Amino acid sequence: MSSACPFAGAAPAGSVCPMKVVITDNKDQSGDGDKIEKDDKNAAVVSPKCPFGYDSQTFKLGPLSCVVCQALLFESSKCVPCSHKFCKACISRFKDCPLCGADIESIEPDTELQDTVDSFIEGHARIRRSPITADQKDVASESKNVTYEDASMERGAFLVQQAMRAFRSQNIESAKSRLSLCVEDMRKQVELSADSLELCSQLGAVLGMLGDCCRAMGDSGSAINYYKESVGFLSKLSISDLELVHTLSVSLNKIGDLKYYDGDLQAARSYYSQSLDVRQRAVKENPKVMSQVVDVAVSLAKVADVDHSLGENNLALDGFQEAIKCLDSLSLDPKESGLEQRRLSVLEFLHKQMQEYETSASPITST
């Protein structure tokens with residue numbers, strides 16, 4: 001990575017911080033394998049390295065990560081009296097320190113450590129503008145392309161990685177914060193590269209994750225807004241990419257779920273129907289992909305379930321029967337045990353709906 005380590009100034013004497021290395025011949029005498037570039041005085045500058053051992057490629061985070069959620073510290077907090085550091089949300093769930101077992105008398109914020117974590121994010125994975133060439137000197141700054149300096153582990157990928165770790169550990173505020181940073185960066189890129197389908201795909205996926213965070217926090221209004229924005233970007237893409245089709249249809253289903261739980265059944269049916277349409281078109285393009293057939297059956301069941309709640313019993317019955325027919329027609333490879341388990345789970349729901357047709361039922365969880 002070409003940007004300087006934010007901790008370089010704190011390096012102790014003799015560390016691997018940037019320094020001048022005198023070259024007595026044309027061989028690299030530094031012994032650390034870094035590329036040496038000679039200057040006019042027959043000297044060279046070693047590529048910047050983090051004196052604390054944090055690597056921008058592999059992200060060996062050391063004391064900047066929380067041992068509970070395995071992600072970068074967020075709202076860094078110190079246990080009293082043992083002084084071990086964790087995310088505030090993570091350590092708040094414990095009475096004893098997860099590292100040493102000491103009783104936690106109190107929890108104190110560690111703003112200095114959090115500042116270091118934030119500096120790490122800025123210094124090791126920061127979006128930069130492309131260098132200005134001679135031909136670009138007269139071009140307005142707004143027209144310059146935005147690129148990632150670190151091509152192997154981009155800032156966006158790094159932030160999403162940290163957010164996913166935090167989300168899995170129920171540290172939702174941390175996940176939301178990292179994803180918000182990622183979205184902020186990517187919006188700027190999309191503005192400058194409006195025709196980039198790859199960027200639209202990435203931004204759509206991250207917005208969907210932000211929606212999940214808001215949904216987990218009980219903020220359904222913000223969740224719906226993020227899901228809708230995700231749909232807007234993903235809808236620009238080709239249905240030939242099955243992963244994107246799945247992400248798009250799931251976002252539509254999640255909006256439908258939230259509308260359903262809010263009692264807006266007509267809106268819920270509209271979003272479920274849009275998801276069904278996306279999945280049916282994908283199946284026509286990829287009829288041999290069995291997971292797509294299962295997705296269609298799920299969407300059929302969702303639409304039928306809302307029809308049932310709206311009192312449209314004939315439409316509901318037709319939808320349930322069509323979904324069952326889709327799943328019964330599948331012939332899965334024994335190796336696809338996960339897909340078979342999902343198929344059987346949906347079938348169980350459908351048969352239950354058929355058997356208990358007179359009773360109310362809740363919608364299927366988004367999938």
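Residues numbered from 1 in each chain as written. Predicted model: local features only at pLDDT ≥ 70, side-chain atom pairs only at ≥ 80, totals over all residues. Heavy atoms only, no water.

1. Remarks on the confidence of the model for the protein chain
Here is step 1: Averaged over every residue, the pLDDT of the protein chain is 76; residues scoring 70 or more account for 71%.
Here is step 2: In the predicted structure, residues 1-59 sits below a pLDDT of 50 and forms 100 contacts with residues beyond four places in sequence or in another chain.
Here is step 3: Contacts for the low-pLDDT stretch residues 126-153, under 50 throughout, to residues beyond four places or in other chains number 48 contacts. (pLDDT = per-residue confidence, 0-100. Contact = heavy atoms within 4.5 Å.)

2. Here we look at the packing of aromatic side chains
Here is step 1: All chains considered together, the criterion is met by 2 aromatic pairs.
Here is step 2: For the pair Tyr260 and Tyr261, a centre-to-centre distance of 6.1 Å together with 80 degrees between the ring planes defines the contact as edge-to-face.
Here is step 3: Residue classification places Tyr260 among the buried residues on the basis of a relative accessible area of 12%. (Phe/Tyr/Trp six-rings, centres within 6.5 Å; stacked < 30°, edge-to-face > 60°. Buried < 20%, exposed > 50% of the residue type's maximum accessible area, 1.4 Å probe, protein only.)

3. Here we look at the UniProt feature "domain: RING-type" (unreviewed entry) in the protein chain
Here is step 1: Those places that UniProt annotates as "domain: RING-type" (unreviewed entry) correspond, in this numbering, to residues 66-100.
Here is step 2: The distance from the first to the last C-alpha atom of residues 66-100 is 14 Å, and the span holds 11% helix and 23% strand. (UniProt positions renumbered as here; feature names shortened; annotations may be inferred. Helix = DSSP H or I, 4+ residues; strand = E, 2+ residues; numbered from the N terminus.)

4. Here's the deal with the sheet that holds strand S4 (residues 85-87)
Here is step 1: Ordered by their spatial adjacency, 3 strands build an open sheet running S4-S3-S5, and the pairing between neighbours is antiparallel. Each of the sheet's edge strands pairs with one partner strand only, and the pair in question is S4 and strand S5 (106-109). Here the strands of the sheet are splayed against their neighbours by 40 degrees on average, with no regard to which way each runs.
Here is step 2: As paired elements, strand S3 (residues 76-80) and S5 share 4 bridges and run antiparallel to each other. Paired with Cys79 across the two strands is Ile107, which belongs to S5. (Pairing = 2+ DSSP bridges. Axes fitted to C-alpha atoms, helices over the stretch in contact; angles between N-to-C directions.)

5. Some points on helix H7 (residues 242-261)
Here is step 1: For H7, with 20 residues, the first-to-last C-alpha span of 28 Å sits near the 28 Å given by 1.5 Å per residue.
Here is step 2: Burial within H7 is extensive, with 15 of its 20 residues counted as buried. (Expected span 1.5 Å × (residues − 1).)

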